[in-house]
Amino acid sequence: MVEHKLLPEKGTNSWVLRAMQSAFSMFDADYRQGHVLALVFSSTSDIGRVQKAAYMRFLTENALDPTAFPSLLKFETETVSMVASHLNGPDTTVGSFTSGGTESCLLSMIAARNWARETRPEVMNTSKKPAILVARTVHAAFHKAAELMDLRLVIVEVDPVSLLPAVSDLRRALEENRDTVFAIVGSAGAYAHGVIDPVGEMSDLAEEFNVWFHVDGCIGGFVLQFFREFGLDVPVYDFRLPGVSSMSLDLHKYAFCAKSASVVMFRTPELRSHSVFTCADWIGYPIINSTLQSTRGGGPIAAAWTTLMYIGKRRYRSIMRDLFDGTQALKTGIPTIPGLVLVGDPKASLISFRLSDDAVGTLNIYNIVECMKKKGWTIQAQMSFDYLAPSMHVSVNPQMKNNAKKFLKCLAESFEEAKTLPMFDDLVQKAHAMLPKKGKITKADFERLCELCGMSFEEPPEMAGINTVLNSLSVPKRQELMQHFASKLFVHDEVVARRQAKEITGMLTKKAKSYAWRALTATSLIAGIVFLVRHLRSLRRK
């Protein structure tokens, strides 16, 4: 049982709210120095100021009805058009502005399914579930699409070294499932490791088998065009490939637009029409939705257009050069640390690395992540999967050009520090003994496991032991635990909140006293210097 928070009877003063916001953000990762290598993609402060001004200017406007706010329609269509040119789309290319990569990917699969219903009825009207062909490295958004749309994923395993699917395996999977597969998805690049699928060959297969081909360029689609200019061997992955039906590209990642901003592009208006929802079969106004949402705030749309226009291609090229140099510095620097090796051959600004074979068993990789966190760096822990070892992931940012030396030093130190920390073997054994061998993990099982791991939901936990336990479990068991975790995490309890507020107040008071003491000391020092100067001057006069 929890105690819910009541809506305040009387409104709260704005300066009090700002103070509360500052207090709540005490434990947030500080991304401003470029040390958060995931989740946040920011560039320079002037870009932030310009886009925030645009965001606030159109905060209240609603893109649901473009006849009421034609300015938002203008921003959206011009933004999509700029992305179409960046991806070498033909003059027929159209698209929609979405809330993020997941929505863009979902819309592409909705369009593909609806297209197949009209053009490939023999695939859709069978006793088997219609299917999407993907490589093992495809983003989880497509797993979500399959679950939401009651589709099946035909997953082609990848080479454990290159992390790429063999074209022969893709062809075999298509031939074996030609009665159900209606779409193929290729990544450029794949989020976890930054590799690019053989999209050229996948385009040929899509044409040969008459299936929809979507290229997921959410995180790599913008940067890879520039990286090719800098000499990196980047294969063609955009609309120049004739088999490409749709593409997704996130503007709030490496185009540095404000969240939430992504686009899904279609080769022709006819293909996009399969993603549009319309409804006149109700008593209200006629509904036309180009995305999954109806109401859409104008802020992200206006801010995205403003950001692209403000930065421009010349400055983007300069920023991308810094990003490229930072990426290359990590690609060459990480393997020089004994015990660490890169995973795959990353082309995009995404790098994954793991323990070398001779280092496995000498330390726990998740302790490295925690050590880096204590040094001020946020990197992501990735689980093992069948033939893939657990790894660490970084989404490189432009600041890495100047931060690489410091990052590599901290990483080498964290590696050594991790050797002295627990491996959590006992914790794993106890967790396995506690969890059911058959059947689903219950809420009681989860709570006992949290107690065993020392996991509190009142403050940010250390994740090394928790990740080790999670990594030791099967995929279904991991997902069950993650569902329990989400159910527990996204709940407010006013009793806990009051206790946290008291602790935070104590921390702030202690910090304020420290600042006051420093200020007093500094003031005393200044006063002493002033007194000494005046005294010396008086002596000179005498």
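Not measured: the values here are computed from a predicted model. (Residues numbered from 1 in each chain as written. Predicted model: local features only at pLDDT ≥ 70, side-chain atom pairs only at ≥ 80, totals over all residues. Heavy atoms only, no water.)

### Topic: the nonpolar core
Then step 1. Judged by nonpolar contacts, the single largest core of 94 residues is most densely connected at Leu 251, Met 320, Leu 330, Leu 340, Ile 368 and Phe 407.
Then step 2. At eleven residues, helix α11 (residues 298-333) tops the list of elements feeding residues into this core.
Then step 3. In this structure Met 320 touches Phe 222, Val 223, Phe 226, Phe 227, Phe 230, Tyr 254 and Phe 256, once residues within four positions along its chain are discounted.
Then step 4. Counting residues in each nonpolar core, the second largest holds 30 residues, with Ala 116, Phe 142, Val 264 and Phe 266 among its members. (Core = buried A, V, L, I, M, F, W, Y, C linked by side-chain atoms within 4.5 Å. Buried < 20%, exposed > 50% of the residue type's maximum accessible area, 1.4 Å probe, protein only. Helix = DSSP H or I, 4+ residues; strand = E, 2+ residues; numbered from the N terminus. Contact = heavy atoms within 4.5 Å.)

### Things to note about the sheet that holds strand β13 (residues 391-395)
Then step 1. The four strands lie next to each other as β10-β11-β13-β12, forming an open sheet whose pairing is antiparallel. Two strands in the sheet have a free side with no partner beyond their single neighbour: β10 (340-342) and β12 (380-382). Averaged over all pairs of adjacent strands, the angle between strand axes in this sheet comes to 35°, irrespective of strand direction.
Then step 2. As paired elements, β12 and β13 share three bridges and run antiparallel to each other. In the strand pairing of β13, Gln 380 is matched with His 393. (Pairing = 2+ DSSP bridges. Axes fitted to C-alpha atoms, helices over the stretch in contact; angles between N-to-C directions.)

### With respect to the pairing of strand β11 (residues 350-355)
Then step 1. Among the six residues of β11, five are classified as buried, and the element is accordingly described as predominantly covered.
Then step 2. Where β10 lies against β11, three bridges are found, and the strand directions are antiparallel. Its bridge partner being in β11, Val 341 is matched across the sheet by Arg 354.

### Concerning the side chain of Lys 477
Then step 1. Tracing the backbone shows Lys 477 in helix α17 (residues 475-489).
Then step 2. Lys 477 gets classed as buried once you look at its relative accessible area, which sits at 15%.
Then step 3. With near-sequence residues (within four places) excluded, Lys 477 lies in contact with Pro 436, Gly 439, Lys 440 and Ile 441.

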